[in-house]
Amino acid sequence: MNIGIIGSGWLAQPLAEALQADGHQVWLTTRSADKLTQLQAKGFAAIPFDLQDDIKDHPALTQADALILATTCKTASLYRQLIACNQQHPSQQLIMISSTSVYQNNGQRHDETSTQLNEDNPFLAIEAMVQSCHKHHILRLAGLVGPGRHPGRFFQPPKTIKNPNNGVNLIHLDDCIGLLKALLKQRDINAIVNGCADNHPPKGEYYQLMAKKLDRPVPEVATKTETPDKIIDNQLSKELLSYRYLHPDVWHLPLDS
């Protein structure tokens, strides 16, 4: 497949490497001239592209079999011309990397059918635009961990861990990539899918232990829980995609120091 990735950050680059290793032709995009040079030096096929640019000027993107939105931009209006172009190419698969932050912290377990959403979350407006496309998937990822993102660094003094009894919702980089690769194989369906590890230990206990593993100062925890938590249900990703998580247990994630 020919695959365009809008973005070139923490997730996009290792994703591109994994897809290239599988034999796909992959293009990354960046808004920075310096980063363009860096990407090309690493051997990536990189394109200078901003969401405000006319994507029709970049045939590598318009003619790609699949386009993955892996950018942190949350301004829905900037996606309009990209979405409009995709609608003119009904065979092109569009995959958006979204966030489980769209679900309310209301003490409930959220699967993809949940209607308890944060209506002011900017990802929802972008998701709605993506859903207007012929072939689309939306992957809602939980908190990202992996190389350079060790949970033991998430709360460092003087930060306090609020709501210490609330469960964590995390996913390792390897599973982010695994889920995206599985979605690329699903060209005959449109779906919203959650990506999250299986277990959800209490924040206070988990992040304190992760800090100890790095021999870093252990953050304090609040004395009470003020905000309800939420639990992200990942069952659909397993059933629809036949995906088996590489790192289902957040206590045993492969993490750098």
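The structure presented is a predicted model; accordingly, all values stated were derived computationally and were not measured.

The element strand β1 (residues 2-6) is largely enclosed, with a buried count of 4 among its 5 residues. Relative to strand β2 (residues 25-30), β1 runs parallel, the two being bridged by 4 bridges. The partner of Ile5 across the bridge, within β2, is Leu28. With respect to chirality, the unit in which β1 leads through helix α1 (residues 12-21) into the neighbouring parallel β2 is right-handed. Note that β1 and strand β4 (residues 66-69) share 4 bridges and pair parallel. From the neighbouring strand, Ile6 faces β4, where its bridge partner is Leu69.

Moving on to the pairing of strand β7 (residues 135-141). Most of β7 is tucked away: 6 of the 7 residues are buried. Relative to β7, strand β5 (residues 93-99) runs parallel, the two sharing 7 bridges. Across the sheet, the residue bridging to Ile97 is Leu139, located in β7. Here β7 runs beside strand β11 (residues 191-195); their pairing, made up of 5 bridges, is parallel. Opposite Arg140, over in β11, you have Asn194 as the bridge partner.

Locating Ala125 in the fold gives a position in helix α5 (residues 122-130). Given the relative accessible area of 39%, Ala125 is considered partly exposed. When the C-alpha positions of Ala125 and Ser77 are compared, they lie 9.1 Å apart, and in sequence the two are 48 residues distant.

Basis of the calculations
Residues numbered from 1 in each chain as written. Predicted model: local features only at pLDDT ≥ 70, side-chain atom pairs only at ≥ 80, totals over all residues. Heavy atoms only, no water. Buried < 20%, exposed > 50% of the residue type's maximum accessible area, 1.4 Å probe, protein only. Helix = DSSP H or I, 4+ residues; strand = E, 2+ residues; numbered from the N terminus. Pairing = 2+ DSSP bridges. Right-handed = clockwise from strand over helix to strand, strands pointing away.

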